[in-house]
Amino acid sequence: MVRRLAVLLAAAVILSGCTEQRLFAVRAVAAGVPSLAPFFEEDGSLGTDETKLRPEQAHSGLQQGNTPGLYGGTQKPKVCDVDRLKDFLTDPRNRQKAREWARIVGITPDRIEGYIDDLTPVLLRHDTLVKNHDYKKGKAVAFDALLEAGIAVLVNDQGLPAVKCSCGNPLQSFDKDPEKISVKFEDGNKKWDGYEKSDVVTVKPAPEPLEQIALIDVDNPDQGINRPVGSSGENDEPFDATKQHAVPRVAGMTFDQASQRLSELGLAATSSDGLPPGDAAVTGSDPGPGTELPFGEAVTLSVADDGEEPGTPPKSDPSDEPTTDDPTSDDPPSEEPTTDEPTTDDPTSTGPTTDDPDTGDPDTGDPDTGNPKSSEPTTDRPTTGEPTTIEPTTAVPTTPTTSSTPPTVEPTSAEPTSAKPTTAEPTRSEPVTSEPASSEPGSSGAPASSEPAAGPA
């Protein structure tokens, strides 16, 4: 029994160890706590953090860099000393540091000054995941970090943290699953008040480059600050952060377009399934259009499951129109043969000319079968069968025929096979006196037109 318990305990330890191995270790970085291996000494000369700023509750774990109120601002000077950072990185004594710093940022060392001039100092309002970098033995060493709210950073024109102000460490986006992190509070970075793993934020690039960043004044949360990108506070424009904003109609836009529109109004965009692709079609919002919300509030956007563009439904209507055109386009071809029917009448009008060979007694049956040659458009015969079969009967009176048999012959002559036996010899055996009788069947309509045809013949 003791052995079994020992085995079970060992298995539990192993399983717990495997579970722990699946998590990504993240080092906690508290506000105001110096790093052990920074790029530059953290003596307050490069920047200072707000150590009393509690983390805000996040409406979403993934937020875009253009989210209004994502960052905070202050009127206090030298939160980030951008000029001093440039001096440090361009100092020949720090040439190796500059090379490593530029490598992490993705630029050449000669572009460092211009790059820093395009960055904007802000304060984190949420505990934020980033990829931080120490400087050890002449190399930049990356590590995943959780920066506490209140830490001063420089952000780029997509709203992404780029530099930790107090030490000059370059930052990159967190590239792992934020749901699988294990935060380590060590090296003087104790768990801070207000820390909640569920409120940790990862920042994604804004859909478009930013011209200004909408901040919340950390000293007066009822006031906002519009800070132009690349400025350090000298051109700030305050605004009322308590003002309500109406949710716009966003159905039919892409997620990026809707996010941009909401951002312009001071509202944040989120989705129930994280951040969808930028081209995902937005089908609605919660709350709906017209709802009044305060600055920085989130609007949950619903997107199409298949990611189709919002213009897809209208496209289906025009696609139906061609299908309705197809049958109509089929109608004219079906009418064209019908227009050919009069052309088949023309050969029938020449039928009397075929009556001349009818004087050749042996060939009287052949013209009857010859007339069906005009029936080569077989589809036309049902419509023209009556006139065409009647005209051969007009050819028959040119030879001696009886008035009694032709009426029965005419319906049978509509069928080429039956016409031959019925018109073979009896038509020649009768006297020509049947011609008046043949005019009587002409009163049926179609032969009437045939009599004038026989006259000129």
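Preceding block: the structure.
Source: prediction; values computed, not measured.

Caption draft 1: Geometry of the pairing of strand β6 (residues 139–147). By the bridge criterion, 3 bridges tie strand β1 (residues 24–29) to β6 in an arrangement that is parallel. When the sheet's bridge partners are listed, Val29 is paired in β6 with Leu147. In the sheet, strand β5 (residues 128–136) pairs with β6 via 9 bridges, with the strands oriented antiparallel. Pairing of Lys131 across the sheet is with Asp144, part of β6. Between β5 and β6, which pair antiparallel and follow one another directly, the connecting turn spans 2 residues, one of which, Lys137, has a positive phi of 55°.

Caption draft 2: Expanded view of the pattern of salt bridges. Applying the stated criterion to the full structure yields 13 salt bridges. A salt bridge links Glu56 to Arg125; its shortest N-O distance comes to 3.6 Å. Placement of the pair is Glu56 in the loop between β1 and β2 (62–64) and Arg125 in the loop between β4 (120–124) and β5, with a sequence separation of 69 residues. The exposure class assigned to Glu56 is partly exposed, which follows from its relative accessible area of 35%. For the salt bridge of Lys176 with Asp144, the shortest nitrogen-to-oxygen distance reads 3.0 Å. Taken together, the residues span a long stretch of sequence, with Lys176 in the loop between β10 (172–173) and β11 (181–184) and Asp144 in strand β6 at a distance of 32 residues. Linked by salt bridges that have partners in common, Lys131, Asp144, Asp175 and Lys176 make up one network.

Caption draft 3: Main features of the sheet that holds strand β18 (residues 282–286). Reading across the sheet, the 3 strands line up as β17-β20-β18 and stay open at both edges, with mixed pairing between neighbours. Two strands bound the open sheet, and with one partner strand each, they are β17 (268–270) and β18. The sheet shows a mean angle of 35° between the axes of neighbouring strands, taken without regard to direction.

Caption draft 4: Quick peek at helix α5 (residues 255–264). Residues of α5 that are buried: Phe255, Ala258, Ser259, Gln260, Leu262 and Ser263. In this fold, the buried residues of α5 make contact with β2, β17, β18 and β20 (298–303). The first or second residue beyond α5 is Gly266, which carries a positive phi of 85°.

Caption draft 5: Structural context of unusual backbone geometry. Residue Pro287 is reached from Asp286 by a cis peptide bond, and omega for that bond is 5°. With respect to the helices and strands, Pro287 occurs in the loop between β18 and β19 (292–294). The backbone of Lys137 shows a phi angle near 55°, a positive value even though the residue is not glycine. Summarising the element assignment, Lys137 is placed in the loop between β5 and β6. Non-glycine residue Asp187 carries a positive phi angle of around 55°. Topologically, Asp187 is positioned in the loop between β11 and β12 (202–204). Judged by its relative accessible area of 47%, Asp187 falls in the partly exposed class.

Caption draft 6: Focus on the environment of Ser166. In this structure, Ser166 sits in the loop between β8 (161–164) and β9 (169–170). The class of Ser166 is buried, set by a relative accessible area of 6%. C-alpha of Ser166 to C-alpha of Ser35: the two residues are 131 residues apart in sequence and 9.5 Å apart in space. Ser166 has contacts with Glu41, Glu42, Leu46, Gly47 and Asp49, leaving out every residue within four places of it along the chain. There is a polar contact of 2.6 Å between the side chain of Ser166 and the side chain of Glu42. Separated by 2.8 Å, the side chains of Ser166 and Lys164 make a polar contact.

Caption draft 7: Local environment of the packing of aromatic side chains. Following the criterion strictly, the structure yields 7 aromatic pairs and no others. Pairing Phe39 with Tyr135 gives two aromatic rings, centres 5.1 Å apart and planes at 55°, and the pair type is tilted. Of the two residues, Phe39 sits in the loop between β1 and β2 while Tyr135 sits in strand β5, which places them 96 residues apart along the sequence. On the basis of relative accessible area, Phe39 is assigned to the buried category, the value being 0%. A relative accessible area of 16% means that Tyr135 is categorised as buried. Clustering of aromatic rings is evident, with ring pairs tying together Phe185, Trp192 and Tyr195. The ring of Phe143 carries Arg27 above its face, with NZ or CZ at 3.7 Å from the centroid.

Caption draft 8: Just the pairing of strand β7 (residues 152–155), in detail. Along β7, one buried face is formed by Ala152 and Leu154 and the opposite face, lined by Val153 and Val155, is buried too. Relative to β7, β4 is paired through 4 bridges, and the arrangement is antiparallel. Each bridged residue has a counterpart across the sheet, and for Val122 the counterpart in β7 is Val153. In this structure, β7 lies alongside β8, joined through 3 bridges in antiparallel fashion. Looking at the pairing, Val153 lines up with Lys164 of β8. From the end of β7 to the start of β8, which pair antiparallel, there are 5 residues, and Gly159 there has a positive phi angle of about 80°.

Caption draft 9: Local environment of the sheet that holds β11. The strand order across the open sheet formed by 5 strands is β10-β5-β6-β1-β11, and the pairing between neighbours is mixed. On the outer flanks of this sheet lie β10 and β11, each paired with one strand and no other.

Caption draft 10: The nonpolar core, seen in detail. Counting residues in hydrophobic clusters, the biggest one holds 26 residues, and the most contacted among them are Leu85, Leu89, Trp101, Ile112, Ile116, Leu154 and Val163. Leu85 has contacts with Phe40, Leu46, Ile116, Leu154, Val163 and Gly168, leaving out every residue within four places of it along the chain.

Caption draft 11: Just the state of the cysteines, in detail. All told, the structure shown has 1 disulfide when counted by the stated rule. Each sulfur of the disulfide joining Cys80 and Cys165 lies 1.7 Å from the other. Because the torsion about its S-S bond is 85°, the bridge between Cys80 and Cys165 counts as right-handed. Pair noted here: Cys80 is in the loop between β3 (71–73) and α2 (82–90) and Cys165 is in the loop between β8 and β9, with a separation of 85 residues, a long-range link. The same class applies to Cys80 and to Cys165, which are both buried.

About the criteria used
- Residues numbered from 1 in each chain as written.
- Predicted model: local features only at pLDDT ≥ 70, side-chain atom pairs only at ≥ 80, totals over all residues.
- Heavy atoms only, no water.
- Pairing = 2+ DSSP bridges.
- Helix = DSSP H or I, 4+ residues; strand = E, 2+ residues; numbered from the N terminus.
- Salt bridge = Lys/Arg side-chain N within 4 Å of Asp/Glu carboxyl O.
- Buried < 20%, exposed > 50% of the residue type's maximum accessible area, 1.4 Å probe, protein only.
- Axes fitted to C-alpha atoms, helices over the stretch in contact; angles between N-to-C directions.
- Contact = heavy atoms within 4.5 Å.
- Polar contact = N/O pair within 3.5 Å; in protein donor to acceptor, adjacent residues only side chain to side chain.
- Phe/Tyr/Trp six-rings, centres within 6.5 Å; stacked < 30°, edge-to-face > 60°.
- Lys NZ or Arg CZ within 6 Å of the ring centre and 35° of its normal.
- Core = buried A, V, L, I, M, F, W, Y, C linked by side-chain atoms within 4.5 Å.
- Disulfide = S-S within 2.5 Å.

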